[in-house]
Amino acid sequence: MEWVASISTVSQFSVLLADDWKEIPPWSKLEIADQCRSILNKIAKACNTALYIYSIPKSIAIPMTQKTPLYENHLQAGGKMVDFGGWQLPVHYGSLVDEHHCVRNEAGVFDVSHMTIVDIDGTDSSAFLQRLFANDVASLTDVGAALYSCMLNEEGGIIDDLIVYWMGDRGYRVIVNAATREKDLEWIRRQSEKFNVTITERSELALVAVQGPLATERAVACLPEELKAPSRALKRYTACAHDDWFVAATGYTGEAGLEIALPQEQVGEFWNALLEAGVKPCGLGARDTLRLEAGMNLYGSDMDETQSPLSSDLGWTVAWQPVERQFIGRTALQQQRDTGVGQKLCGFVLDGKGVLRGGQVLYKDDAEIGVITSGTFSPTLKKSIAFARVDADCIGDCMVEIRNNRIAVKHVKRVFVRKGQPV
Amino acid sequence: MNIPNDLFYTESHEWVRLNDDGTVTVGITDHAQEQLGDLVFVETPEIDATVSAKDAVAVVESVKAASDIYAPIHGVILDANTALAEEPELVNSDPYQAGWLFSIQPEHATEVEELMDQEAYEGFIASES
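Residues numbered from 1 in each chain as written. Chains lettered and ligands numbered in written order. Predicted model: local features only at pLDDT ≥ 70, side-chain atom pairs only at ≥ 80, totals over all residues. Heavy atoms only, no water.

Student: Quick rundown of the overall build of chain B? Include the residues and the values.
Tutor: A count of helical and extended segments in chain B gives four helices and nine strands. A burial count over chain B gives 51% of its 129 residues as buried. Counted over contacts in chain B with a minimum sequence separation of 6, partners at least 24 positions apart contribute 61%. Surface exposure of chain B reaches about 6200 Å², of which carbon and sulfur atoms provide 44%. (Helix = DSSP H or I, 4+ residues; strand = E, 2+ residues; numbered from the N terminus. Buried < 20%, exposed > 50% of the residue type's maximum accessible area, 1.4 Å probe, protein only. Contact = heavy atoms within 4.5 Å. Areas by Shrake-Rupley, 256 points an atom, 1.4 Å probe, with all protein chains shown as cover.)

Student: Can you tell me about the sheet that holds strand 6 (residues 146-152) of chain A, naming the residues and giving the values?
Tutor: Residues and elements named next belong to chain A. If you trace the five strands from one edge of the open sheet to the other, you get 6-7-8-5-9, paired in antiparallel fashion. Looking at which strands have only one partner, the edges of the open sheet turn out to be strand 6 and strand 9 (198-201). Ignoring which end each strand starts from, the neighbouring axes of this sheet average 25° apart. Where strand 6 meets strand 7 (residues 158-166), seven bridges bridge the pair, whose relative direction is antiparallel. Residue Leu147 lies in a different strand from strand 7, and its bridge partner there is Val164. Along the sheet, helix 5 (residues 125-132) makes contact with strand 5 (116-121), strand 6, strand 7 and strand 8 (172-176), crossing strand 5 at roughly 130°. (Pairing = 2+ DSSP bridges. Axes fitted to C-alpha atoms, helices over the stretch in contact; angles between N-to-C directions.)

Student: Give a detailed account of the interface of chain B and chain A, specifying residues and quantitative values.
Tutor: Facing 15 residues of chain B, the contacting portion of chain A comprises 15 residues. Together chain B and chain A conceal approximately 1300 Å² of surface at their shared face, both sides included; 51% is due to carbon and sulfur atoms. Of all residues in chain B, Asp38, Val63 and Lys64 of chain B bury the most surface against chain A, accounting for 41% of the area lost on that side. The tally of links from chain B across to chain A stands at four salt bridges. For Lys64 of chain B, the salt bridge goes to Asp288 of chain A, with nearest N and O atoms at 3.9 Å. (Buried area = accessible area lost by both parts, 1.4 Å probe. Salt bridge = Lys/Arg side-chain N within 4 Å of Asp/Glu carboxyl O.)

Student: A description of the packing of helix 4 (residues 96-105) of chain A against helix 10 (residues 284-293) of chain A should follow, citing residues and the corresponding values.
Tutor: The description of two helices packed together rests on the angle between their axes and the distance between the axes. Residue and element names in this part refer to chain A. Remark: helix 4 packs on helix 10, axes separated minimally by 8 Å, with the N-to-C direction vectors making an angle of 50°. As far as their axial angle goes, helix 10 and helix 4 are oblique. Helix 10 is crossed by helix 4, and the crossing has right-handed handedness. Residues Leu96, Glu99, His100, Val103 and Arg104 of helix 4 lie in contact with helix 10, whose contacting residues are Gly285, Ala286, Thr289, Leu290 and Glu293. (Parallel < 35°, antiparallel > 145°, perpendicular 65-115°, else oblique. Left-handed = near helix turned anticlockwise from the far one by under 90°.)

Student: Go over the sheet that holds strand 2 (residues 14-18) of chain B, please, and point to the residues and values.
Tutor: Residues and elements named next belong to chain B. With antiparallel pairing, six strands are arranged side by side in an open sheet as 1-2-3-9-8-5. Bordering the open sheet on either side are strand 1 (8-9) and strand 5 (50-51), each of which pairs with just one other strand. As defined by bridge partners, strand 1 adjoins strand 2 across two bridges and the pair is classed as antiparallel. In the strand pairing of strand 2, Tyr9 is matched with Trp15.

Student: Could you give an account of the nonpolar core, with specific residues and numbers?
Tutor: All names here are of chain A. Counting 34 residues, the largest nonpolar core has Phe110, Leu152, Tyr165, Leu207, Phe246 and Leu333 as the members making the most contacts within it. When residues of this core are traced back to their parent elements, those giving at least two are strand 6, strand 7, strand 10 (205-211), strand 12 (245-248) and helix 10. Of all the elements, strand 6 adds the most residues to this core, at four residues. Among all residues touching Phe110, those that are not within four sequence positions of it are Val103, Leu207, Val208, Ala209, Gln211, Thr253, Trp271, Cys282, Gly283, Ala286, Arg287 and Leu290. In this structure, Ala107, Val208, Val220 and Leu234 belong to the second largest nonpolar core, which totals 26 residues. (Core = buried A, V, L, I, M, F, W, Y, C linked by side-chain atoms within 4.5 Å.)

Student: Let's hear about the pairing of strand 4 (residues 108-111) of chain A: which residues, and what values?
Tutor: Residue and element names in this part refer to chain A. Here strand 4 shows no split at all, with Gly108 and Phe110 on one side and Val109 and Asp111 on the other all buried. Looking at chain direction, strand 4 and strand 10 are connected through four bridges and run antiparallel. For Phe110, the partnering residue across the bridge sits in strand 10 and is Ala209. Bridge analysis of strand 4 against strand 14 (residues 280-281) gives two bridges, and the strand direction is parallel.

Student: Now, about the packing of aromatic side chains: what can you tell me, with residues and values included?
Tutor: In total, this model carries seven aromatic pairs over all chains according to the counting rule given. Measuring from centroid to centroid gives 5.9 Å for Trp15 of chain B and Tyr96 of chain B, while their planes differ by 50°, and the two rings are tilted. Separated by 81 residues along the polypeptide, Trp15 of chain B in strand 2 and Tyr96 of chain B in the loop between helix 3 (90-93) and strand 9 (102-106) bring together distant segments of the chain. Across the ring face of Tyr71 of chain A, the terminal group of Lys67 of chain A is positioned such that the distance to the ring centre comes to 4.5 Å. (Phe/Tyr/Trp six-rings, centres within 6.5 Å; stacked < 30°, edge-to-face > 60°. Lys NZ or Arg CZ within 6 Å of the ring centre and 35° of its normal.)

Student: Can you lay out the pattern of salt bridges for me, pointing to particular residues and giving the numbers?
Tutor: Pairing between side chains becomes possible if they bear opposite charge and their charged atoms approach one another. Residue and element names in this part refer to chain A. Under the criterion given, the structure shown has 24 salt bridges over all chains. Here Arg131 makes a salt bridge to Glu154, at a shortest N to O gap of 3.7 Å. Placement of the pair is Arg131 in helix 5 and Glu154 in the loop between strand 6 and strand 7, with a sequence separation of 23 residues. Its relative accessible area of 29% is what places Arg131 among the partly exposed residues. A salt bridge links Arg291 to Asp288; the nearest nitrogen and oxygen atoms lie 2.9 Å apart. One end of the pair, Arg291, and the other, Asp288, are both in helix 10, three residues apart, so they sit about a helical turn from each other. Looking at Arg291, the relative accessible area reads 1%, which means it is buried. The network of salt bridges with shared partners includes Asp119, Arg173, Arg202, Glu204 and Asp244.

Student: Please give an account of helix 5 of chain A that cites residues and values.
Tutor: Of all the residues in helix 5 of chain A, the buried ones are Ser125, Phe128, Leu129 and Leu132 of chain A. Seen end-on, helix 5 of chain A carries its buried residues on one side only, within an arc spanning 90°. (Arc of directions from axis to C-beta.)

Written as structure tokens, this is what we have:
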């Protein structure tokens, strides 16, 4: 009964707020929303229930927790839920390490429905994306081809990293990070003003990533008939689609597998079918250790608007040719390229005891030379690995400070594990 | 959740066992190991070190995070569980027995009894979540 009472309190309250919303001056909206959220949180806490606000306008960025369509499925599977950038998501379902190994050896599934899917279509869409992205969508010549790119500001700083798919008649599909949703959409809309394009956020779609050496085989068995053959035949970095189902051979783990977007009403059934087919549910924790081992950057940790692709080991994602293509940030990036970047993102391994973590400082001959951007214990290598941004003229083996002790770390290539094997 | 009734507990989620010889053994609770997740590294305290209550004396690290372990009472470190260097996962699988962290010779015999008992700790966890 308590639960029913609190939900009704919450929705009545937010409906009241929405009715008079237009009368409130914009500068005070955020403050009001914040205060309401705090009151609602107290009510929810007193009633021992989770808080979910329905009616506060989306145009206001309120840090509230949202649930994906798979929320109940996570609870059923024993997911330990955490707040991740405003989303309730499982960090693990019992053992992060078991989930990690399962993706390296068999097949695991991640709920990534919090990520933002944006479809971009219209006669100018190619020209628009050639301006918007540092990588060149002109290289997407086959229907279904995918490309990883950064979206830069005029200073060459990274607004976000993303994957863009060219789906032929369906136009382009872009998948960006969840935490950057508002600023990305605002930037994309602002930049599109002079182009004839339509920009459609597909928040009604759920997104799951099925990853691991057995992932494709097991996931294909659960797909609609029309998609089975084309999905099985997908080459790496290509995609196919049918109705509102979209299947791409991409991922964030360094393993084979598929990323599947589908209508959120159907995702529960699909999730259950995957679990029955022997695919293990995996949480954000394993997603992080897997991507680190695979040498993949995390936006907000390894890069942000103060860093460029060149200082983030993403130079390979910048298409410098043709020279006429004036993508946003090109001038600044060219200048960095000519003068050389001061710092670079590198890989490090700790052979001794301990765990490297973001924020730990690196030293060479007692001088500070860099800082770890992401670090973890690698379940595959059974030792700690990290990315660090280091002064370009000091790259090499050095010392890391952990709890006032300096310990030697080895400079290595930024890919630690490829297809299940240590590199 | 497993909270044995013959142990004492701290607000930082250590358990404390009062042994027959007057020494105490310390570890982290089942609740704490569950919150931390798979442990991959344990740094135990130096033997013979004199410690005060609430001193950070050991570190446990899971894949996701590092966490300090505090001395529950004043005393001298008698022994540390060296098996954890090779098998930190013992803390996850058997937090109250094989996963013990260190033992202390208490400075004041009665200090342990000022800590929470099973019931109080249960209530404390409920109030925290």
